[in-house]
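Here is how the chains run, residue by residue.
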Amino acid sequence: MALIPVDQSGFEEAIEKARSLVEEALTTNGEGLERLNEIEDFVYLKGTTGVVTWANQAYQAFYSRASKPHGRHAKTFLAPIVLTVAKHTDALILSGCERLYCDHIGVSGDGTKHLLRTYKQSLRHLQKSGYAILGVTRPLRPIATDEEDPEFEMARLASLFATFDDRDRELCRLFALGFNSSEIGEQLQMTSRNVDLRRKKCLELLGIDKVVDLARLLTRFEERGYLEINL
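Residues numbered from 1 in each chain as written. Predicted model: local features only at pLDDT ≥ 70, side-chain atom pairs only at ≥ 80, totals over all residues. Heavy atoms only, no water.

So what's going on with the packing of aromatic side chains? Residues and values would help.
Here the structure, examined in full by the defined rule, presents 8 aromatic pairs. On the numbers, 4.8 Å between centres and 90° between planes, the contact of Phe62 with Tyr63 is edge-to-face. Exposure remark for Tyr63: the relative accessible area of 7% places this residue in the buried category. Here the aromatic residues Phe42, Tyr44, Tyr59, Phe62 and Tyr63 are joined through ring pairs into a cluster of three or more. (Phe/Tyr/Trp six-rings, centres within 6.5 Å; stacked < 30°, edge-to-face > 60°. Buried < 20%, exposed > 50% of the residue type's maximum accessible area, 1.4 Å probe, protein only.)

Which residues make up the pairing of strand 5 (residues 113-122), and what values do they have?
Of all the 10 residues making up strand 5, 8 are buried; the element is thus mostly covered by neighbouring parts of the structure. Alignment of strand 4 (residues 99-107) against strand 5, held across 9 bridges, turns out to be antiparallel. Counted as the bridge partner of Val107 is Lys113 from strand 5. What sits between strand 4 and strand 5 in their antiparallel hairpin is a turn of 5 residues, with Gly111 showing a positive phi close to 90°. Pairing between strand 5 and strand 6 (residues 133-143): 10 bridges, direction antiparallel. Looking at strand 6, one finds that Lys120 is bridged to Gly135. (Helix = DSSP H or I, 4+ residues; strand = E, 2+ residues; numbered from the N terminus. Pairing = 2+ DSSP bridges.)

Pulling in residues and values, what's your account of the sheet that holds strand 4?
Two strands in a sheet stick together by hydrogen bonds in their backbones, pointing the same way (parallel) or opposite ways (antiparallel). Spatial ordering of the open sheet is given by 3-2-1-6-5-4, a layout of 6 strands whose pairing is antiparallel. A single partner strand is all that each edge strand has here, and the edge strands are strand 3 (72-73) and strand 4. Running over the sheet, helix 1 (residues 11-26) touches strand 1 (42-46), strand 4, strand 5 and strand 6 and is turned about 150° from strand 6. Across the sheet, helix 2 (residues 57-64) touches strand 1, strand 2 (51-55), strand 3, strand 4, strand 5 and strand 6, and the angle it forms with strand 1 is around 90°. (Contact = heavy atoms within 4.5 Å. Axes fitted to C-alpha atoms, helices over the stretch in contact; angles between N-to-C directions.)

Talk me through helix 3 (residues 80-94); I want residue IDs and the actual numbers.
Working note: α-helix, 3.6 residues per turn, so residues spaced by three or four point in the same direction. In this model helix 3 runs 21 Å from its N-terminal to its C-terminal C-alpha over 15 residues, within 8% of the 21 Å that 1.5 Å per residue would give. Taken as a whole, helix 3 has its buried residues at Val82, Val85, Ala86, Thr89, Asp90 and Ile93. Taken around the axis of helix 3, the buried residues stretch over an arc of 130°, which confines them to a single face. In helix 3, the exposed positions that point more than 90 degrees away from the buried face belong to Pro80 and Lys87. At the C-terminal side of helix 3, Gly96 shows a positive phi close to 125°. (Expected span 1.5 Å × (residues − 1). Arc of directions from axis to C-beta.)

Before we move on, can you summarise the pattern of salt bridges with the specific residues and values?
Per the stated rule, a full pass over the model turns up 15 salt bridges. For Asp41, the salt bridge identified is with Arg138, shortest N-O distance 2.7 Å. Placement of Asp41 in the loop between helix 1 and strand 1 and of Arg138 in strand 6 is noted, with a sequence separation of 97 residues between them. Neither Asp41 nor Arg138 differs from the other in exposure class; each is buried. The partner of Glu170 in a salt bridge is Arg173, with the nearest N and O atoms 2.9 Å apart. Taken together, the positions of Glu170 and Arg173, both in helix 5 (residues 166-176) and 3 residues apart, correspond to about one turn of that helix. A residue is classified by how much of its surface remains accessible, and Arg173, at 19% relative accessible area, is buried. What emerges from the salt-bridge pattern is a single network uniting Asp165, Asp168, Arg198 and Lys201. (Salt bridge = Lys/Arg side-chain N within 4 Å of Asp/Glu carboxyl O.)

Geometric descriptors of this kind do not, in isolation, establish any biological role.
Here is the structure:
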């Protein structure tokens, strides 16, 4: 099944253009960032604290509309479900991940839901204060409701799973691989009881009842490109 029913050709070219323009601009004191407005995808630069230091017109039109996002923390204008993804992907980049891709749910300034594809990369090598992350996002398609579009529900669950802390995500991964509570407890230095309690909480949050359903769900996340779980 094709995940994306629209033409996605050119996304890599847009990423390369954004990367080239940003590196050129930041080596000349920020002159030339306006050329990012030539790119139809959403292009933005962020600091280490989540503040948007620059964004192109496409980003502003989709997310912020009434006012420029420059100098504002993402939490002041992004919908909670988008902010969650932004927070965790930013953390991955800031912790040493050089680049990443993810598909996720987005909500525009007028409240319309979309399936989005986002690329992020580190700008640490440029050593410019306020410029730690480059992001490029492309809208894949609008989404009506979870009842009308099962892909919405899959993207929602993937976004939810991404908010789990590192230990709970690893615990779920190990259960999906077939390890039992005792074996997982040894690996994560937890008691079997605590492993079972955390497993129960995770299953409840994901709306499933059995470990076999968890394994099936995590496999779908990985197969459809939402998350890299290493099953």
